Amino acid sequence: MSTEERTFIAVKPDAVQRGLVSKVIERFEVRGYKLVGIKIIQASKELLAKHYEEHVGKPFYPKMESFMSSGPIVAMCWEGKDVVKQGRSMLGATNPCSSAPGTIRGDFGIDLGRNVCHGSDSVESAKREIGLWFKDEELVNWTSNQAKWLQL
Ligand code: DGI
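Conventions adopted
- Residues numbered from 1 in each chain as written.
- Predicted model: local features only at pLDDT ≥ 70, side-chain atom pairs only at ≥ 80, totals over all residues.
- Heavy atoms only, no water.
- Buried < 20%, exposed > 50% of the residue type's maximum accessible area, 1.4 Å probe, protein only.
- Helix = DSSP H or I, 4+ residues; strand = E, 2+ residues; numbered from the N terminus.
- Pairing = 2+ DSSP bridges.
- Near = heavy atom within 4 Å.
- Polar contact = N/O pair within 3.5 Å; in protein donor to acceptor, adjacent residues only side chain to side chain.
- Areas by Shrake-Rupley, 256 points an atom, 1.4 Å probe, with all protein chains shown as cover.
- Nonpolar A, V, L, I, M, F, W, Y, C, P; charged D, E, K, R; others polar.
- Contact = heavy atoms within 4.5 Å.
- pLDDT = per-residue confidence, 0-100.
- Core = buried A, V, L, I, M, F, W, Y, C linked by side-chain atoms within 4.5 Å.

Participant: Looking at this structure, how should I read the pairing of strand E3 (residues 73-79)?
Facilitator: It is a general feature of regular strands that their side chains alternate between the two faces of the sheet. Counted residue by residue, E3 has seven buried out of seven residues, so it is predominantly covered. Burial along E3 is two-sided: Ile 73, Ala 75, Cys 77 and Glu 79 and Val 74, Met 76 and Trp 78, pointing in opposite directions, are all buried. Here strand E1 (residues 6-11) pairs with E3 via six bridges, running antiparallel. Looking at the pairing, Arg 6 lines up with Glu 79 of E3. Inspection of the sheet shows strand E2 (residues 34-41) paired to E3 by seven bridges, in the antiparallel sense. Within E3, the residue paired with Ile 41 across the bridge is Ile 73.

Pasting the structure below:
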């Protein structure tokens with residue numbers, strides 16, 4: 001297991017259907033982060049309830065569950081310096097209408113319920129979410145040749 005920080009990023013069904021998977025991947029790649037896990041998955045209601053455990057029972061949950069299970073999700077694990085915090089900042093505010101231009105949600109979304117992507121909000125949640133969406137053997141430890149050009 002790498003000692004580098006990791007985060008869980010998901011391209012939600014709206015963005016998969018709109019052909020935005022490559023755009024989300026590109027933002028993380030060009031920033032200097034390393035992709036260590038990726039798969040396309042049709043999420044079950046059980047998985048979503050675990051992932052969104054703090055939201056189960058809230059008024060918006062049934063609609064969100066239905067949206068998140070309406071089509072495939074691209075689940076990814078990205079690795080690199082400060083990737084959890086930087087990943088959240090690259091995604092932008094939860095509501096795309098409040099997300100700054102230049103962020104993923106601010107550039108590609110206009111609706112809170114269809115907000116393009118998910119990113120872990122803390123190192124602890126990242127560990128939990130990566131464990132929910134990936135088996136250990138689905139994550140690949142590899143050395144990027146770019147590493148020496150990215151940081152001292
Ligand atoms: O971590 P985030 O995705 O930025 O935000 P969050 O954990 O507060 O909420 C998870 C998702 O739930 C969010 O991406 C969109 C949805 N959501 C949150 N609050 C509301 C909501 N959806 C609706 N329709 N209404 C809400 O108030």
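Participant: So what exactly am I meant to see when it comes to the site of the ligand here?
Facilitator: The immediate surroundings of the ligand are formed by Lys 12, Tyr 52, His 55, Phe 60, Met 64, Arg 88, Thr 94, Arg 105, Leu 112 and Asn 115. The contact in question runs from an oxygen atom of the ligand to an N or O atom on the side chain of Lys 12, over 3.0 Å. At a separation of 2.6 Å, an oxygen atom of the ligand approaches a polar side-chain atom of Thr 94. For the ligand, whose unbound accessible area comes to 530 Å², protein coverage reaches 73%. Class assignment for the residues of the shell around the ligand results in four nonpolar, three polar and three charged.

Participant: I tried to follow the environment of Lys 50 on my own but got confused; where do I start?
Facilitator: Locating Lys 50 in the fold gives a position in helix H3 (residues 45-51). For Lys 50, a relative accessible area of 49% translates into the label partly exposed. Sequence spacing of Lys 50 and Glu 129 is 79 residues, and the spatial spacing of their C-alpha atoms is 8.8 Å. If near-sequence neighbours (up to four positions away) are discounted, Lys 50 is found in contact with Arg 128 and Leu 132.

Participant: Would you mind going over the confidence of the model for the protein with me for this structure?
Facilitator: For residues with low pLDDT, the predicted coordinates do not support detailed interpretation. The pLDDT averaged across the protein works out to 97; a share of 99% of its residues lies at or above 70. Within the protein, helix H8 (residues 147-150) has the poorest average pLDDT of any element, 92, and E3 the best, 99. The complex prediction reports pTM at 0.96, with the ipTM value standing at 0.94.

Participant: Please clarify how the nonpolar core should be interpreted in this entry.
Facilitator: A general trend in soluble globular proteins is that nonpolar side chains are found buried together. Phe 8, Met 68, Ile 73, Trp 133 and Phe 134 are the most contacted members of the largest nonpolar core, which totals 21 residues. Elements supplying a minimum of two residues to this core: E1, E2, H3, helix H4 (61-68), E3 and helix H7 (123-133). A total of four residues in this core trace back to one element, the largest contributor, which is H4. Setting aside chain neighbours within four positions, we find Phe 134 in contact with Phe 8, Gly 37, Ile 38, Lys 39, Ala 75, Met 76, Cys 77 and Leu 139. Within the second largest apolar cluster, 19 residues are counted, among which are Val 16, Val 24, Ile 25 and Trp 78.

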